[in-house]
Amino acid sequence: MRSFLKPLAGLTCLFALAAVGCSAGSGATSDAGAAAPPQPSPSQSPSSTASSATSYAPYVSATTASDNDSAGSPTTYNLAFVLSSGSGCTPKWNGTHAIGDSAVKARIAQLEEDGATVRVSFGGASGKELAAACDSASELAEAYGEALDAAGSTQADFDIEGDELTDSDSVDLRSEALALLQEERDGLEVSFTLPVMPSGLDDDGLALLESANNHGVAVSAVNLMTMNYGESYTDDMGDYALTSAAAAHTQLKSVFGLSDAAAWRGMALTSMVGVNDVDGETFTLSDAAQVRSFAEEKEIAWVSMWSTFRDRQCGDDSSSDDALTDCSGVDQEDGAFAEAFTG
């Protein structure tokens, strides 16, 4: 997904979401020789779990508030993005703001006022993810931990795409660091946000998950970016999202050795609302409602959107690029996509 760098106008088991098996060939078992028992995700409050297994967790800027952040009453906010400062293994919000920035801390406190949690998202489409800047797994784990501590979070999401998804060295270094971090921090949730096509995850995405598996990383969810498929995909974006999810579901079952139900519960879906970066792709409010209904039926972990800044109609004075940053490019009421994603 796009980062917020541009100035804004306004283990082996997929365990945390009730996995029932381990990766074939990993040789990993629990002390009792069986898979870990089902566990509810910490990102879901008891009340939200009772009404629906699927939570709503939009992407928000770590540094700048949107009027639509709280629309739909999110259970969790994906706080984007932590990146390298550009000069080494130093984590910064958007690569520019100190990880202990007081304004960011105040923003996080505001987001959590109504009981929501914050998931720290590392990476994104722009800037340098820390795994490409740090020299060792221990140094990288420390940098990730520093960011999590600054946000007071036990949830880490890694949006890996573009060149960094094809960089096998940084992929393996990240996996090694995350395994170290989970040894140090009981209950740390790790999710991966990956590009997807209607045919499913590509070879690089699957290789990243295999790397995590091989290094013993406990993965709570795989979040699919159901967007920007390419110029040949100009039909219904809601249908494409469901087709992509079905294809990736088969892959997750294979990679992690999961049952049908566990593979659905280990999946999340994120859409770019409104006009996408690719000509001919527009994700509508009816598409959002379609994705929400499907997610509830399958008990998918969470649904999300890029991003709260875009959940409003563009003004008459908006340039053509504004639809990619701070408005949707479609006719809508403010916060309408958030409401559709919460059902």
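Values in this document were obtained by computation on a predicted structure and should not be read as measured data.

(A) Quick look at unusual backbone geometry. Each neighbour pair has its own omega, and for A80 with F81 the value is -15°, a cis peptide bond. In this fold, F81 is placed in strand β3 (residues 76–84). For the bond from W306 to S307, the omega torsion is -10°, close enough to zero to count as cis. Here S307 is to be found in the loop between β13 (302–306) and α10 (336–342). Even without a glycine there, the phi angle at S73 is positive, about 50°. In this fold, S73 is placed in the loop between β2 (59–61) and β3. Its relative accessible area of 61% is what places S73 among the exposed residues. Unlike most non-glycine residues, N94 shows phi in positive territory, near 60°. Within the secondary structure, N94 sits in the loop between β4 (91–93) and β5 (97–98). Assessed through its relative accessible area of 5%, N94 is described here as buried.

(B) Broad picture of the packing of aromatic side chains. Throughout the structure, instances matching the rule amount to 13 aromatic pairs. Through a chain of ring-to-ring contacts, the aromatic side chains of F122, Y144, F158 and F192 assemble into a single cluster. The ring centre of W302 lies 3.7 Å from the NZ or CZ of R119, which sits over that ring.

(C) Layout of the state of the cysteines. In the structure shown here, the tally under the stated rule is two disulfides. Between the sulfur atoms of C89 and its disulfide partner C134 the distance amounts to 1.8 Å. On the sign convention where negative means left-handed, the S-S torsion of about 80° between C89 and C134 marks this disulfide as right-handed. Residue C89 is found in the loop between β3 and β4, and its partner C134 is found in the loop between β6 (117–123) and α3 (137–151); the two are separated by 45 residues along the sequence.

Definitions and limits used
Residues numbered from 1 in each chain as written. Predicted model: local features only at pLDDT ≥ 70, side-chain atom pairs only at ≥ 80, totals over all residues. Heavy atoms only, no water. Helix = DSSP H or I, 4+ residues; strand = E, 2+ residues; numbered from the N terminus. Buried < 20%, exposed > 50% of the residue type's maximum accessible area, 1.4 Å probe, protein only. Phe/Tyr/Trp six-rings, centres within 6.5 Å; stacked < 30°, edge-to-face > 60°. Lys NZ or Arg CZ within 6 Å of the ring centre and 35° of its normal. Disulfide = S-S within 2.5 Å.

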